[in-house]
Amino acid sequence: MNKILSLACLLLASNMAFSGVYNSNITGTITSILSYPNGTVFILLDNQPSSHPKCDHNFFEISKDYDPKGADRMYTRFLTSYAKGERVNIGYDNGSDSSSSCGPSGRIPIHRAG
């Protein structure tokens, strides 16, 4: 029983390693979507932040470390908005919190797609 509980705690902690903090929103039009075979997806907005205290600000990132179903839903939302030219709202970590973190590739992590 202790082994199972320890394993569950370890898995939960590893999923949170790149979770960062959801503390900001930005609304804009997607100008580029880059996807890679390893599951990483980068999103670029027309009004992309010009700086970030911790991460490379050139792209937002849907992390390959997120739950695959959740990441797929975000990716689908972004692809649809991109194809239609619709504005999207992205919830992200603006780097102002001490527990802020970047995505695995060092970009700004996306926590919500709206």
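What comes next concerns the included structure. In this text the structure is predicted, and so the values were computed from the model without any measurement.

**Section: the pattern of salt bridges**
Oppositely charged side chains can form a pair if their charged atoms are brought close together. Going through the model one piece at a time under the given rule, you end up with two salt bridges. Notably, a salt bridge pairs Arg107 with Asp56, separated by 3.4 Å at the nearest N-O pair. Within this pair, whereas Arg107 is found in strand β5 (residues 107–113), its partner Asp56 is found in strand β3 (residues 56–62), the two being separated by 51 residues in sequence. A salt bridge links Glu86 to Arg77; the shortest N-O distance between them is 3.9 Å. In this structure Arg77 comes out as partly exposed when scored by relative accessible area, which is 28%.

**So, the sheet that holds β5**
Spatial strand order, β1-β2-β3-β5-β4: five strands in a closed barrel with mixed pairing. Here the average twist between neighbouring strands, direction ignored, is 60°. Both strand β4 (residues 87–92) and β5 contribute to a ladder of three bridges, which runs antiparallel. Each residue of the ladder has a partner; that of Ile90, found in β5, is Ala113. The strands touched by helix α2 (residues 68–84) within the sheet are β1 (24–35), β2 (41–45), β3, β4 and β5, with β1 carrying the most contacts at an inclination of about 85°.

**Points about the packing of aromatic side chains**
If you walk through the whole model with that rule in mind, you get three aromatic pairs. On the numbers, 5.5 Å between centres and 65° between planes, the contact of Tyr36 with Phe42 is edge-to-face. According to the relative accessible area criterion, Phe42 is buried, its value standing at 6%. Here the aromatic residues Tyr36, Phe42 and Phe59 are joined through ring pairs into a cluster of three or more. Directly above the aromatic system of Phe42 lies the positively charged group of Arg107, at a separation of 4.6 Å from the ring centroid.

Cut-offs applied
- Each chain has its residues counted from 1, following the order in which its sequence is written.
- pLDDT decides what is reported in this predicted model: residues at 70 or higher carry local features, side-chain atom pairs at 80 or more are listed and counted, and totals for whole chains, interfaces and linings draw on all residues regardless.
- By convention in this description, side-chain values take in all heavy atoms of the structure and omit both hydrogens and water.
- Here, a salt bridge means any side-chain nitrogen of Lys or Arg that lies within 4 Å of a carboxyl oxygen of Asp or Glu.
- Starting at the N terminus, helices and strands are each numbered in turn, a helix being any DSSP run of H or I of at least four residues and a strand any DSSP run of E of at least two.
- Throughout this description, buried means an accessible area under 20% of the type-specific maximum (1.4 Å probe, protein chains only), exposed means over 50%, and partly exposed covers the range between.
- A strand pair is defined by DSSP finding two or more bridges across the two strands.
- To get an axis, fit a line to the C-alpha atoms, keeping to the stretch in contact for a helix; angles then go from 0 to 180 degrees between the N-to-C directions.
- Here a residue-residue contact requires only that any non-hydrogen atoms of the pair lie within 4.5 Å.
- Geometry of aromatic contacts follows a simple scheme: Phe, Tyr and Trp rings, the Trp one being its six-membered ring, pair when their centres are within 6.5 Å, and the pair is stacked under 30 degrees between planes, edge-to-face over 60, tilted otherwise.
- Geometrically, a charge over a ring is one whose NZ (Lys) or CZ (Arg) sits within 6 Å of the ring centre while staying within 35 degrees of the ring normal.

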